[in-house]
Amino acid sequence: VLWFILKNCWTLSCDKLNNLFRIHPSVSQALAETKPVVALESTIITHGMPYPHNLRTAKEVEAIVRAEGATPATVGVIEGEVRVGLSSEELDYLAQCRSSLKVSRRDLPYVISKGVSGGTTVSATMIAAHRAGIPVFVTGGIGGVHRDGENSLDISADLTELGRTPIAVVSAGVKSILDIGRTLEFLETQGVCVATYGASKNFPAFFSPQSGFTSAYHVCSPEEAAKLIASTLSLGLQSGVLLAVPIPEQHAAAGQQIEEAIQAAVTEASAKGVTGRDVTPFILQKVNELTEGKSLQANIALIHNNAKIGSQIACALSKQVNERTLKNETHPPGNKYDDVLLQVVVGGINVDFIAKGKTETLLFGQTNPGSVCQSFGGVGRNIADSLSRLGHKPLFISATGTDSNSDAVLNYCKHMNTCGVARIEGQSTATYCAVITESGELSLGLGDMDIHQQITEQYVSLFEEQLSSATLVCLDGNIPVSTIDYVCSLAKKHNINVWYEPTDSEKACKPFLSDAWKSLSYSSPNLAELCTMNATLGITTPEVLPSTLDEMLGVTVVLSRPLLDHLHCLVVTLGAHGVLLCGELDAGTVNLQPRKQRRVRLCALYYPALTVTPEETMNVSGAGDSLAGALIAGILQGKDTDSCVRMGLLAAKMSLASPHPIAPVLTLDSVDPNNVQAQDWPKPKFVWMD
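Structural notes, computed from the coordinates. (Residues numbered from 1 in each chain as written. Predicted model: local features only at pLDDT ≥ 70, side-chain atom pairs only at ≥ 80, totals over all residues. Heavy atoms only, no water.)

Among the secondary structure elements, Asn478 is positioned in the loop between strand E19 (472-476) and helix H21 (481-494). Within polar-contact distance, the side chain of Asn478 engages the side chain of Lys507 at 2.7 Å. Aside from chain neighbours lying at most four places away, what touches Asn478 is Gly348, Val379, His452, Gln453, Thr503, Lys507 and Lys510. (Helix = DSSP H or I, 4+ residues; strand = E, 2+ residues; numbered from the N terminus. Polar contact = N/O pair within 3.5 Å; in protein donor to acceptor, adjacent residues only side chain to side chain. Contact = heavy atoms within 4.5 Å.)

Right under this line is the structure:
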């Protein structure tokens, strides 16, 4: 349960949540890869310390977080935009901005509407962190019930936020200028789990390790704290956890002097009529003056300590979640097919622009009437999308840039497991433009696919454990040759079934440049791609592709035969004619299930395509991927050969009639051959290959 809660949260981090929130690329990538991230507030920068102490402290805290193995995500508002993760320039801007506001929950609508900047308080930071999918937030101390709060009702929004936002807040307890007893009572009323970090339950009071009050519980290690957070999130209570960390002992000695200064500052604030949000900055500044800077030094020390411990907790939580990744990804709720095994898809992810002309002949060099629509594709993405809609949850490994196209495509893919998608700063997300005629034939295609070269062997090897234990790995031809060779070497070592989707006739050769192809189990080329595969192996191929169906079938059988010395099955797509299945004979059909031993006889089955009229055709970029994805789903679900192929043909038909490569309405029911009348299914044509 925990994995799916965090996974759903972290998927949000891959998206540009809306135009009011922006996630820094480093934070977005860390979350997408389920690496630890620590949220940090910014009122300490804008209102908590004078310049340049504020800037130096902010950068020191971020450095501590990085040193502990986590990614810092300082939250702030810059010109009306909530930013989760700030650049060095943005930190400097907030540190010196004299007009910045102190932004709590109530202030967010105002600062956004006015386009102004500000430092986020605990409550506003919690909101932003939760929206981004960050479960751990480190601060100095939280707000609470003010002294005489029983009369003034001056209660910090931090407390109510803890009661309704599932975030773990790591702090040095409650600021000692507040009514700590009533604050703890209020937190109990809000249902907030409060625990002291350390050997005792003594609740700290910011500058002092003891306040005279106790927490309900205590945790003694990052691992124990992480388990507490995980349990809270798993229960779905929608309330947070407060982890109170005492100030380091060496800095607590000045606590008594600071407490005396606090009492004097509180008295002066009351005498001068300082109220509301102005109280805390006034008192902290006055205390710093009265203690000759000792309170500032202690403040910085406790923030550093909180950052260190909070980062250790975030790392422990991330580790615990990632250790459950394989187990839980292979046991998705309600999925009766993935009881113990995982699928992995490694390949491209694109933003597609489909331009369809209104005439059969397109005239180059001038504007043609037509329609243009945007969709989201990439061969690997399409197959992973198809499987995700058909009862599976494959891990998808790919790469995008950090541009708006990446935001759009990852937002569209929220139903998929995109934890393996790296977002790389300075790179452009792959884009593809297809120009098709009125009948749906491809006239011209243009692609910017350079980002796919970033799906390197080194990056993919980060997922070696998942790859090595997968029941099926699907590769597309967009990825580098070295990556294909690496996965094929794992397949040979661990007896993994690998499906290769060639992508196009130029890329079809990649596994065949070495012996890597001998580790493939399945491939789904069209006839041109099948020719490339054979030519790469030095086998003679036709100079001109055949045009009639009988010639196509004859050539396909001949060219498939050499590859079946090592591959288990070839699924050769023949465009509008249908598909030819080539493989081992088993009970009068082609055996699609992973083989246990080699059979000596080979055969082929030809299945005609389902009819789609030119008027119905909206997109030709995903039909082959839809067929492959649905066919793979049928194989994984143990269906017979006819059912698997018919699932694929139905999915391909739905793709052709959809503006999207994978029809959003694709479901197991929609590709169930039993839902189509028997007379609509012609008997496949059987061909011997030996």
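There's more to say after this.
Next up on the list: the environment of Gly638. Structurally, the position occupied by Gly638 is in the loop between helix H24 (623-636) and helix H25 (641-656). The class of Gly638 is exposed, set by a relative accessible area of 52%. For Gly638 and Gln593, which are 45 residues apart along the polypeptide, the C-alpha to C-alpha distance reads 7.3 Å. (Buried < 20%, exposed > 50% of the residue type's maximum accessible area, 1.4 Å probe, protein only.)

As a further point, take the packing of helix H7 (residues 122-132) against helix H9 (residues 157-164). In a packed pair of helices, the relevant descriptors are the angle between the two axes and the axis-to-axis distance. The geometry of H7 relative to H9 is characterised by a closest axis approach of 8 Å and an angle of 25 degrees between their N-to-C directions. The angle between H7 and H9 falls in the class roughly parallel. Judged by residue contacts, Val122, Ser123, Met126 and Ile127 of H7 engage Ala157, Asp158, Glu161 and Leu162 from H9. By residue class, the composition of the contact of H7 with H9 is five nonpolar, one polar and two charged. (Axes fitted to C-alpha atoms, helices over the stretch in contact; angles between N-to-C directions. Parallel < 35°, antiparallel > 145°, perpendicular 65-115°, else oblique. Nonpolar A, V, L, I, M, F, W, Y, C, P; charged D, E, K, R; others polar.)

Take the layout of surface pockets next. Quantified by volume, the second largest pocket comes out at close to 670 Å³. For the second largest pocket, the lining is made up of 34 residues, of which Lys102, Thr121, Ser156, Asp158 and Thr280 are closest to its centre. Looking at the lining of the second largest pocket, the elements with two or more residues in it are helix H3 (43-48), strand E5 (101-103), H9, helix H14 (279-290) and helix H15 (294-323). Take the lining of the second largest pocket: its biggest share by element is four residues, from H3. Counted by class, the lining of the second largest pocket contains 10 nonpolar, 15 polar and nine charged residues. (1 Å grid on protein atoms, 1.4 Å probe; cavity = no way out; pocket = protein on both sides within 12 Å on 5 of 7 lines; lining within 4 Å. Points joined across faces, edges and corners; volume = space filled by probe spheres on them.)

On to helix H10 (residues 180-189). Within H10 the residues assigned to the buried category are Ile180, Gly181, Thr183, Leu184 and Leu187. Within H10, the buried residues cover an arc of 165 degrees as seen down the axis, which keeps them to one side. Turned more than 90 degrees off the buried face of H10, the exposed positions are Glu185 and Thr189. Here the buried face of H10 lies against H9, strand E9 (193-197) and strand E11 (241-244). Between a side-chain oxygen at the N-terminus of H10 and the backbone nitrogen of Gly181 the separation is 3.4 Å; the capping residue is Asp179. (Arc of directions from axis to C-beta.)

Read across the open sheet, the four strands follow the order E14-E13-E17-E18; overall the sheet is mixed. Single-partner strands in this sheet number two, and they are strand E14 (370-377) and strand E18 (442-448). Taken over all neighbouring pairs, the strand axes of this sheet differ in orientation by 15 degrees on average, direction set aside. The sheet contact formed by strand E13 (residues 350-357) and strand E17 (residues 430-436) spans seven bridges and is parallel. (Pairing = 2+ DSSP bridges.)

Bringing the packing of aromatic side chains into the picture now. The description of an aromatic ring pair uses the distance of the two centres, along with the angle that the planes make with each other. As enumerated under the stated definition, the model contains six aromatic pairs in all. Seen from their ring centres, Phe376 and Tyr412 are 5.0 Å apart, and the 35 degrees between their planes marks the pair as tilted. Remark: Tyr412 occurs in helix H18 (residues 404-412) and Phe376 occurs in strand E14; sequence separation between them is 36 residues. Residue Phe376 is classed as buried on the basis of its relative accessible area of 9%. Ring plane angle 25 degrees and centroid distance 5.4 Å describe the contact between Phe512 and Trp517, whose orientation is recorded as stacked. When its relative accessible area of 3% is taken as the criterion, Phe512 is described as buried. Overall, Trp517 belongs to the buried group, its relative accessible area being 6%. (Phe/Tyr/Trp six-rings, centres within 6.5 Å; stacked < 30°, edge-to-face > 60°.)

To continue, consider the packing of helix H4 (residues 53-67) against H15. It is the contact of H4 with H15, at a shortest axis distance of 8 Å, that shows an interaxial angle of 25 degrees. Taken together, the axes of H4 and H15 lie roughly parallel to each other. The interaxial crossing formed by H4 with H15 has right-handed handedness. Residues His53, Thr57, Glu60, Val61, Ile64 and Val65 of H4 touch H15, and the partners they reach there are Leu296, Ile300, Ile303, His304, Ala307, Lys308 and Ser311. Looking at the contact of H4 with H15, its residues break down into seven nonpolar, four polar and two charged. (Left-handed = near helix turned anticlockwise from the far one by under 90°.)

Summed over the entire model, instances satisfying the criterion amount to four cavities of 30 Å³ or more. By volume, the largest cavity amounts to about 130 Å³. If you trace the largest cavity, you find 13 residues lining it, with Leu40, Glu41, Ile44, Val61 and Ile303 closest to the centre. Elements with a contribution of two residues or more to the lining of the largest cavity: H3 and H4. When residues of the lining of the largest cavity are assigned to their parent elements, the largest contribution, four residues, is made by H4. For the lining of the largest cavity, the residue count by class is seven nonpolar, four polar and two charged.

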